[in-house]
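# Commentary on secondary and tertiary structure
If you want the building blocks of each chain, they are given just below.
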Amino acid sequence: MQLFYLPDITNKAILSKEESFHCLKVLRCKKDQLIHLTDGKGNLFTAIIDDENVEACSLRKVKKILSKKSKYKIHLVVAPPKRFEKSEWMIEKISEIGVDKVTFIYTQHSERRKIKLDRLEKISIASMKQSNSLKKLKIEEIISLQSFLRNYNTNDEKYIAHMDEGNELLKKSFKKNKSFTILIGPEGDFSSNEITDAHKKKFKSISLGKNTLKTETASIIACYSIIQLMS
């Protein structure tokens, strides 16, 4: 199924310039053809192409045919890798496996304090469509870990992954819940003060295994482990 993304879907919908070009020029869809849409919120729609305007393709007979609700939510909070292309790869993969939200943070040992949010948004949309998912990854702008912890009060099951040899494996600390938040630090790991601050906010220290993992690898393993443990 070829999927198009439109965040605000109404009875008379208009595709964005990028989606219009992809629909009409790349895929060579035609007027009166049936296409599928998602709003990125778990809903699937059908619609009929009303014209062939490559700048703003309008649609008619928009109809919701499916609505999926997640049984649980995963929020990844992560320090971006030094090389931005690693963040791009990570966003693509966590979008494919169905992570709900990612917040980028910078920490005492971070090597990167800026992200290209527009670029990451485009990657998340493309990944959602490619994997035929109906849920778009929500991406938050980068903030300090201190700011994140200061303002974060939820009933999530909360984990912080770091390289203390005494940490239990995630699967041993795991408890089923409706929502999860997991903190992943930079390659230099979290500082002891940051770990203490996270503990004060009820984050549990966990291990992702014996091997030292890169940030992007740890992020995917942590999120996918939660998905598997919830299945």
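Numbers given to residues run from 1 along each chain, matching the order in which its sequence is written. Totals for whole chains, interfaces and linings use all residues, but because this is a predicted model, local features are given only for residues with pLDDT of at least 70 and pairs of side-chain atoms are given and counted only at 80 or more. Note: side-chain values were computed over all heavy atoms of the structure, leaving out hydrogens and water.

Once that is clear, we can look at the overall build of the chain. Within the chain, the regular secondary structure consists of seven helices and eleven strands. For the chain, the C-alpha atoms occupy an extent of roughly 60 × 35 × 30 Å along the three principal directions. Burial here depends on accessible area, computed with a 1.4 Å probe over protein chains only, as a share of the maximum for the residue type. Under 20% is buried, over 50% is exposed, and the range in between is partly exposed. Burial analysis of the chain (231 residues in total) assigns 48% to the buried set. Residue contacts are defined here by distance: any two heavy atoms, one from each residue, within 4.5 Å place the two residues in contact. Counted over contacts in the chain with a minimum sequence separation of 6, partners at least 24 positions apart contribute 72%. In short, Shrake-Rupley with a 1.4 Å probe defines the accessible areas, and a residue's cover is counted only from the protein chains shown. Per element, the accessible surface of the chain, about 12,500 Å² overall, is 48% carbon and sulfur. A gap of 4 Å separates the mean positions of the 43 positive and 29 negative side-chain charges of the chain. Helix and strand definitions here come from DSSP, where helices need a minimum of 4 consecutive H or I residues and strands a minimum of 2 consecutive E residues; each element is numbered from the N-terminal end. When charges are counted, Lys and Arg are positive and Asp and Glu negative, with His and the chain ends excluded. Charge placement uses NZ in Lys and CZ in Arg. For Asp and Glu, CG and CD serve respectively.

Before going further, it helps to examine the sheet that holds strand β5 (residues 73-78). Two strands are counted as paired when DSSP detects at least two bridges linking them. Read across the open sheet, the seven strands follow the order β7-β6-β5-β10-β8-β11-β9; overall the sheet is parallel. Looking at which strands have only one partner, the edges of the open sheet turn out to be β7 (138-144) and β9 (168-169). Looking at chain direction, strand β8 (residues 157-161) and strand β11 (residues 204-207) are connected through three bridges and run parallel. Each residue of the ladder has a partner; that of Ala161, found in β11, is Ile206. Of the strands in this sheet, β8, β10 (179-184) and β11 are in contact with helix α6 (residues 192-200), which crosses β8 at around 170 degrees. Working convention: axes come from line fits to C-alpha atoms, limited for helices to the stretch in contact. Angles between N-to-C directions cover 0 to 180 degrees.

Only buried residues count toward a nonpolar core. Its members are Ala, Val, Leu, Ile, Met, Phe, Trp, Tyr and Cys residues joined through side-chain atoms within 4.5 Å. Membership of the largest hydrophobic core comes to 32 residues, with the highest contact counts inside it found for Leu76, Ile91, Ile94, Val102, Phe104 and Ile184. At the level of elements, β5, α2 (84-97), β6 (101-106), α3 (117-130), β7, β8, β10 and α7 (215-230) are the ones that each hand at least two residues to this core. Of the residues forming this core, the biggest block, seven residues, is contributed by α7. Sequence-distant contacts of Ile94, defined by excluding residues within four places in its chain, comprise Leu76, Val99, Val102, Leu137 and Ile220. Residues Phe4, Ile9, Cys23 and Val62 belong to the second largest nonpolar core, which totals 16 residues.

It is worth spelling out α7 at this point. Expected span of a helix, by definition, is 1.5 Å for each gap between consecutive residues, and there is one gap fewer than residues. The terminal C-alpha atoms of α7, which comprises 16 residues, lie 23 Å apart, in line with the 22 Å expected from a rise of 1.5 Å per residue. Those residues of α7 that sit buried are Thr215, Glu216, Ala218, Ser219, Ile220, Ala222, Cys223, Ile226, Ile227 and Met230. Those residues of α7 hidden inside the fold are in contact with β5, α2, α5 (170-173) and β10.

Moving on, we come to the packing of α2 against α7. Where α2 contacts α7, the axes come no closer than 9 Å and their chain directions differ by 10 degrees. Comparing their axes, α7 and α2 come out roughly parallel. Here α2 contributes Lys86, Trp89, Met90, Lys93, Ile94 and Ile97 to the contact with α7, which in turn contributes Glu216, Ser219, Ile220, Cys223, Tyr224 and Ile227. Any angle that falls under 35 degrees is termed roughly parallel, while one over 145 is termed roughly antiparallel, one within 65 to 115 roughly perpendicular, and all others oblique.

We now examine a nonpolar patch on the surface. Together, Phe21, Val26 and Leu27 make up an exposed nonpolar region whose accessible area comes to about 260 Å². By the secondary structure assignment, Val26 is in helix α1 (residues 17-26). Two joining distances apply to patches: 9 Å for like charges and 5 Å for nonpolar side chains (Val, Leu, Ile, Met, Phe, Trp, Tyr), and every residue must have over 30% relative accessible area and no salt bridge. By definition, a salt bridge exists where a carboxyl oxygen of Asp or Glu is found within 4 Å of a side-chain nitrogen of Lys or Arg.

Strand direction decides the pairing type here: strand β1 (residues 3-5) and strand β2 (residues 34-38), joined by three bridges, are parallel. Counted as the bridge partner of Tyr5 is Thr38 from β2. Handedness of a crossover is defined as follows: with both strands directed away from the viewer, a clockwise route from the first strand across the helix to the second makes it right-handed. For the handedness criterion, the β-α-β arrangement of β1, α1 and β2 is classed as right-handed. As paired elements, β2 and strand β3 (residues 43-49) share five bridges and run antiparallel to each other.

What follows is about unusual backbone geometry. The phi dihedral of Asp32 is positive, around 75 degrees, even though this residue is not glycine. With respect to the helices and strands, the residue Asp32 is situated in the loop between α1 and β2. Residue Asp32 is classed as partly exposed on the basis of its relative accessible area of 48%. One non-glycine residue with positive phi stands out, namely Asp189, at about 70 degrees. Tracing the sequence through the fold places Asp189 in the loop between β10 and α6.

So, on to the pairing of β6. Both β5 and β6 contribute to a ladder of four bridges, which runs parallel. Considered in β6, the bridge of Val78 is made with Phe104. Crossover handedness for the path β5 to α2 to β6: right-handed. Sheet topology note: the β6/β7 ladder contains five bridges and is parallel. When the bridges of β7 are listed, Lys101 appears paired with Lys138.

By themselves, these observations are geometric and do not establish any function.
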